[in-house]
Amino acid sequence: GKVDYKKVYELLKFQEMNGIDGVVLFGSTGEGMLLSNFEKYRISCIGRKFKKLKIIINVGSNSTKETVKNCEIFTN
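Note that the coordinates shown come from a computational prediction; the quantities given were computed from them, not determined experimentally. (Residues numbered from 1 in each chain as written. Predicted model: local features only at pLDDT ≥ 70, side-chain atom pairs only at ≥ 80, totals over all residues. Heavy atoms only, no water.)

Here we look at the packing of helix H1 (residues 5-17) against helix H3 (residues 37-47)
Then step 1. Relative to each other, H1 and H3 sit at 35 degrees, their axes nearing to 10 Å. In this structure, H1 crosses over H3, and the sense of that crossing is right-handed. Of H3, the residues touching H1 (which contributes Tyr5, Val8, Tyr9 and Leu12) are Glu39, Arg42, Ile43, Ile46 and Gly47.
Then step 2. Broken down by class, the residue content of the contact of H1 with H3 amounts to 6 nonpolar, 1 polar and 2 charged. (Axes fitted to C-alpha atoms, helices over the stretch in contact; angles between N-to-C directions. Helix = DSSP H or I, 4+ residues; strand = E, 2+ residues; numbered from the N terminus. Left-handed = near helix turned anticlockwise from the far one by under 90°. Contact = heavy atoms within 4.5 Å. Nonpolar A, V, L, I, M, F, W, Y, C, P; charged D, E, K, R; others polar.)

Shown next as structure tokens:
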């Protein structure tokens, strides 16, 4: 029932160390819709620590207003 932020960091570090160009956070497999905005914000902050990885953040939602808000929150 909780996000393992330490594991998120470790997984992203593993990707970076193994030459992966980039990752998509909150992609189309459904996990993004199950996370709170606070959880997504914390994960996006972790992702931005990796300067060698291109981080793509899915900010989409069922509401245009919410999508715009997400864009502001998760990309700043």
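Topic: the nonpolar core
Then step 1. Leu12, Leu25, Ile43, Ile46 and Ile57 are the most contacted members of the largest nonpolar core, which totals 13 residues.
Then step 2. Counting residues per element, this core draws most heavily on H1, at 3 residues.
Then step 3. The residues touching Ile43, leaving out its near neighbours within four places in the chain, are Val3, Tyr5, Val8, Leu25, Phe26 and Leu35. (Core = buried A, V, L, I, M, F, W, Y, C linked by side-chain atoms within 4.5 Å. Buried < 20%, exposed > 50% of the residue type's maximum accessible area, 1.4 Å probe, protein only.)

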